[in-house]
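Single-letter residue listing:
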Amino acid sequence: VGFDGKDLKVLWADSMPYSRKIESLYKDHAGIVWIGTSLGGLWNYDGKKATLFKGTENNSVNAITEDDDHVLWMASALGLYYYQHNVINRVEGVNVFVSNLVNLGKDSILIGTQEGAALVVNKKKVPGFKVKQLGNTAILCMLKYKRLIMFGTGDSGLFIWNGQSGRVKNYQVKDGLKANSIYS
């Protein structure tokens, strides 16, 4: 749906029924709104019309972010992708469901997966990187807050990680949460 200041307008083409389920939204440095859909691909919205990004038609885009170099990153069920110089590229070695992304700075992205967290630097997965306490816990959401990263998990509660000190604190139902599944 688009809003022109007066009215809401439907932006989707009837020929793309799956594109109606939006998984992620992101506004980049140039003001373009990127829309990740469930099995309907990646779209961009320039304020007037939504355009499907060619080659993404049957893919799901779970999360979108931009690094400090203005490279657009996309999490998908098929791995991690980045958009640079008008080309979408796949990050080698990330062959799992990626649920979420956090920009850590110049060309550094922390990714939440069904198998814990992974780090990508210079468009390559960092071998051996692990937040040990997360293990292979499914990460559903992440948030960067000051020097901390918060991880919402599928069944292990909330983890708060200080990347500088390496300290991790885990909060679960036993600590007062209403559930151990943290979706957003």
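Scroll up a little and you will see the structure.
Report on the accompanying structure. (Residues numbered from 1 in each chain as written. Predicted model: local features only at pLDDT ≥ 70, side-chain atom pairs only at ≥ 80, totals over all residues. Heavy atoms only, no water.)

Turning to the pairing of strand 9 (residues 79-84), a few remarks are in order. Judged by how many residues are buried, strand 9 sits mostly within the fold: five of six residues are covered. Sheet topology note: the strand 8 (residues 72-76)/strand 9 ladder contains five bridges and is antiparallel. When the bridges of strand 9 are listed, Trp-73 appears paired with Tyr-82. Where strand 8 folds back onto strand 9 in an antiparallel hairpin, the turn is made up of two residues. For strand 9 and strand 10 (residues 87-90), the ladder comprises four bridges, and the chain directions are antiparallel. Bridge pairing links Gln-84 to Val-87 in strand 10. (Buried < 20%, exposed > 50% of the residue type's maximum accessible area, 1.4 Å probe, protein only. Helix = DSSP H or I, 4+ residues; strand = E, 2+ residues; numbered from the N terminus. Pairing = 2+ DSSP bridges.)

All right, on to the sheet that holds strand 7 (residues 63-66) then. Ordered by their spatial adjacency, four strands build an open sheet running 7-8-9-10, and the pairing between neighbours is antiparallel. For this open sheet the edge positions go to strand 7 and strand 10, each flanked by a neighbour on one side alone. Strand-to-strand, the axes of this sheet are offset by a mean angle of 25 degrees, without reference to chain direction. (Axes fitted to C-alpha atoms, helices over the stretch in contact; angles between N-to-C directions.)

In this section: the sheet that holds strand 5 (residues 42-45). Here four strands make up an open sheet; going across it, the order is 3-4-5-6 and the pairing antiparallel. Looking along the sheet, the strands with just one partner apiece sit at the ends: strand 3 (22-27) and strand 6 (50-52). Going from strand to strand, the sheet's axes swing by 25 degrees on average, the running direction of each strand aside.

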